[in-house]
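One-letter residues, chain by chain:
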Amino acid sequence: MNLTLKNLYDDFRDPKTIKALAELITQEAEKLDRPVNIMEVCGGHTHTIMKYGLKQLLPEKIRFIHGPGCPVCIMPKERIDHAYILAQQPDVILVTLGDMIKVPGSKGSLQQARSQGADVRFVYSPLDALKIARENPEKRVIFFAIGFETTTPMTAALIDRAEKLGVTNLLYHINHVTVPEVMRELIDSRDEHIDSYNNRIDAFIGPSHVSVIAGAKIYREFPERYGRPVVVSGFEPVDVMEGVLMLVRQFTQGRCELEIQYRRSVTMEGNLSAQRQIDKFFEKRELFKWRGLGNIPHSALKLREAYAHLDAEKVYGEQLPVEEIEDHKLCICGDILRGMAEPTECQVFGTACTPSKPLGSCMVSSEGACAAYYKYGDLLQRRSDR
Amino acid sequence: MCLSIPSKVVKIDKEKATAVVDTMGVQREVGIDFIEDEVKIGDYVLIHIGFAMNIISEEEALASIETYKEILALMDEEERQRAILEGDQCEGGGSA
Ligand code: SF4
Ligand code: SF4
């Protein structure tokens, strides 16, 4: 049975509060003279919005645009191929987190590599990679690191500990990406195509977990330089609705600011010791390719030069291909990640492409927009039938 | 979701920068690299992929633990273990 704490806990989300917030938003929205398009950057928010049918509770003037916020969805096939190839090197154990193991690269997924005999291990914490390295001194353990600002400090802590313990058989393949750069890219690329306000991103809901680490400050430029307000929100339906209300109020009151809805854990500054750790080991990459979005300058991290000997990308440089790989022709994940199309507009949605046989990564991760639509789509249908 | 179930600190090893935390009966070792100075035995912390990320007030922790208790009561041991571990991953399985 696929029962998780999260599913169950979900039953406790208070419908009355959600309704009341929806009511407030509706009243407030009446004062707006044009629709407001709100992008939720993170897959966690998309999930909440879909699952609770929040879209349906909001007035027409408030629209959600789904953003690219899932580290699994945006991983280009090239990088998954790297993991696949690394896993097949002699005497290597490849270690990674989360749904990464199911995402298909051009050669197959890590799960497939495993079924062909590669030693691929899924862990709940990066620290487990250290344990595996110490238990297998005759092997080389490669940690395939993924995630936004939220998980970067954990990888840094892993490296730090391995260094201190003198563990030398642990290498890293770093795929940490950063949120503000992709937001900037999305604003620019959408504004390019767009002549009316219809398609514009007017405001952002920022993911709280990213800001627990990096602070809300990373979004300062959006209200200040781009004229887009940001509210950093939690992931419960009530949090998201409150975030929306705060944004709508900014519009009706003629403000454009950075605000924090999730004050319980998020501050402007974030966790400084985590930020110092990150800075010690990582620096910006010139370019990083995001699946569906293409190359985005400075949108990811790599190991600093001083740690080149631990960098699997360098150590195994000769085995790892650099050519770019195209996505499946019919897959429109790119447009979805840019917020320009909905999953249901994809020709193969729910037919050739399903969570059990995904063509694109938006369907692979349960945080992905296509997967969320697939899972909760009939729920949506039922609600609109009522 | 990430940073979700409050866990109680039962042991601290400053040297190794780790703590043993108890998440509703399930004990495990986590990193305290990012909150080292302040954390004390008995504090409640939120865990994200194996690291304590912040300390939360006892009042807040107990309130949310109450809710989780009712849920966990419905599960068998194996399910409980898995649910707790997955509880500090993100929606999709802990990547971000
Ligand atoms: S349904 Fe599948 S193929 Fe279509 S956009 Fe989504 S992931 Fe890509
Ligand atoms: S870990 Fe949490 S914050 Fe990060 S992408 Fe997943 S749901 Fe969003």
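Residues numbered from 1 in each chain as written. Chains lettered and ligands numbered in written order. Predicted model: local features only at pLDDT ≥ 70, side-chain atom pairs only at ≥ 80, totals over all residues. Heavy atoms only, no water.

K.L.:
Explain the overall build of chain A to me, please; I cannot follow it from the model alone.
P.N.:
Scanning chain A from terminus to terminus reveals 17 helices and 13 strands. For 386 residues, the compact-globule formula gives about 21 Å, and the C-alpha radius of gyration of chain A, at 21 Å, lands near that figure. By its C-alpha atoms, chain A is 65 × 45 × 45 Å across when sized along the principal axes. Taking the intrachain contacts of chain A between residues at least 6 apart in sequence as the baseline, contacts between residues at least 24 apart amount to 76%. (Helix = DSSP H or I, 4+ residues; strand = E, 2+ residues; numbered from the N terminus. Rg over C-alpha atoms; globule rule 2.2 N^0.38 Å. Contact = heavy atoms within 4.5 Å.)

K.L.:
How should the packing of aromatic side chains be read in this particular structure?
P.N.:
Each pair of aromatic rings is reported with the distance of its centres and the angle of its planes. Residue and element names in this part refer to chain A. Scanning the entire structure with this criterion turns up 7 aromatic pairs over all chains. Arranged with centres 4.9 Å apart and planes meeting at 50°, the rings of F281 and Y307 form a pair that is tilted. Note that F281 is positioned in helix α13 (residues 272–281) and Y307 in the loop between β13 (301–303) and α14 (312–315), a separation of 26 residues in sequence. The pair F281 / Y307 is uniform in exposure class, with both members buried. Through pairs of rings, three or more aromatic residues link up here, namely F204, F222 and Y226. (Phe/Tyr/Trp six-rings, centres within 6.5 Å; stacked < 30°, edge-to-face > 60°. Buried < 20%, exposed > 50% of the residue type's maximum accessible area, 1.4 Å probe, protein only.)

K.L.:
In this structure, what is going on with the sheet that holds strand β1 (residues 36–42) of chain A? I would like to understand it.
P.N.:
Where strands meet in a sheet, backbone hydrogen bonds hold them as pairs that are either parallel or antiparallel. All names here are of chain A. Spatial ordering of the open sheet is given by β2-β1-β7-β8-β9, a layout of 5 strands whose pairing is parallel. Only two strands of the sheet have a single neighbouring strand rather than two, namely β2 (62–69) and β9 (258–260). Put simply, the sheet's adjacent strands are angled 25° from each other on average, direction ignored. As defined by bridge partners, strand β8 (residues 230–233) adjoins β9 across 3 bridges and the pair is classed as parallel. In the sheet register, V232 faces β9, and the bridge partner there is I260. Sitting on the sheet, helix α12 (residues 237–252) is in contact with β1, β2, β7 (203–207), β8 and β9, with an inclination near 165° to β8. (Pairing = 2+ DSSP bridges. Axes fitted to C-alpha atoms, helices over the stretch in contact; angles between N-to-C directions.)

K.L.:
Before we go on, may I ask you to explain the site of ligand 1 in this structure?
P.N.:
Residue and element names in this part refer to chain A. Around ligand 1, the surrounding shell holds 13 residues, and the nearest of these are C331, C333, C346, C353 and C370. Every element with two or more residues in the shell around ligand 1 is listed here: α15 (333–337) and α16 (361–364). Tallied by class, the residues present in the shell around ligand 1 amount to 12 nonpolar, 1 polar and no charged. (Near = heavy atom within 4 Å. Nonpolar A, V, L, I, M, F, W, Y, C, P; charged D, E, K, R; others polar.)

K.L.:
How should the side chain of A:H176 be read in this particular structure?
P.N.:
All names here are of chain A. The topology assignment puts H176 in strand β6 (residues 170–176). Accessibility expressed as a relative area gives 0% for H176, which makes it buried. Within the structure, the side chain of H176 is placed 3.1 Å from the backbone oxygen of G147, a separation counted as a polar contact. Within polar-contact distance, the side chain of H176 engages the side chain of T155 at 2.7 Å. (Polar contact = N/O pair within 3.5 Å; in protein donor to acceptor, adjacent residues only side chain to side chain.)

K.L.:
How should the nonpolar core be read in this particular structure?
P.N.:
The tendency in soluble globular proteins is for nonpolar side chains to be buried side by side. All names here are of chain A. By size, the foremost hydrophobic cluster in this structure holds 112 residues, and its most contacted members are L94, L170, Y172, F204, Y219, F282 and W290. In this view, F282 contacts T152, T155, A156, I159, I174, H176, L301, K302, L303 and R304; residues no more than four positions away in its chain are not counted. Within the second largest apolar cluster, 24 residues are counted, among which are I38, F64, V240 and M246. (Core = buried A, V, L, I, M, F, W, Y, C linked by side-chain atoms within 4.5 Å.)

K.L.:
Please explain the domain arrangement of chain A as it appears in this structure.
P.N.:
Interfaces are frequently sized by the accessible area removed from exposure as the parts join. Residue and element names in this part refer to chain A. According to the domain assignment, chain A contains domain 1 (77–176 + 271–319) and domain 2 (332–376). On the domain 2 side, the residues contacting the 7 residues of domain 1 number 10 residues. Summed over both sides, the interface of domain 1 with domain 2 buries roughly 700 Å², with 57% coming from carbon and sulfur. If you sort the residues of domain 1 by the area they bury against domain 2, D99, R291 and L293 come out on top, with a joint share of 61%. Linking domain 1 with domain 2 are 0 salt bridges. Its residues placed into classes, the side of domain 1 that touches domain 2 shows 3 nonpolar, 1 polar and 3 charged. (Domains from an automatic or database assignment. Buried area = accessible area lost by both parts, 1.4 Å probe. Salt bridge = Lys/Arg side-chain N within 4 Å of Asp/Glu carboxyl O.)

K.L.:
Can you walk me through the pairing of β2(A) in this structure?
P.N.:
Residues in a regular strand project their side chains so that they alternate between the two faces of the sheet. Residues and elements named next belong to chain A. Burial analysis of β2 places 7 of its 8 residues in the buried class, the great majority of the element. Relative to β2, β1 runs parallel, the two sharing 6 bridges. Residue E40 lies in a different strand from β2, and its bridge partner there is H66.

K.L.:
Any chance you could explain the side chain of A:R161 here in plain terms?
P.N.:
Considering the arrangement of structural elements, one finds A:R161 in helix α8 (residues 152–165). Here the side chain of A:R161 touches B:D33 through a polar contact of 2.5 Å, side chain to side chain. Not counting residues within four places of it along the chain, the set of residues in contact with A:R161 comprises A:L127, A:L130, B:K16, B:A17, B:T18, B:G31, B:I32 and B:D33.

K.L.:
Honestly, the packing of helix α2 (residues 15–29) of chain A against α12(A) in this entry has me stumped. Any pointers?
P.N.:
In a pair of packed helices, the angle between the axes and the distance between the axes together describe the arrangement. Residues and elements named next belong to chain A. Packing of α2 against α12 brings their axes to within 9 Å, and their N-to-C directions diverge by 15°. By the criterion of interaxial angle, the relationship of α2 to α12 is roughly parallel. Note on packing geometry: the crossing formed by α2 with α12 is left-handed. When α2 is examined against α12, the residues T17, I18, L21, A22, L24, I25, E28 and A29 are found in contact with a partner set consisting of P237, V238, M241, E242, V244, L245, V248, R249 and T252. In terms of residue class, the contact of α2 with α12 is built from 12 nonpolar, 2 polar and 3 charged. (Parallel < 35°, antiparallel > 145°, perpendicular 65-115°, else oblique. Left-handed = near helix turned anticlockwise from the far one by under 90°.)

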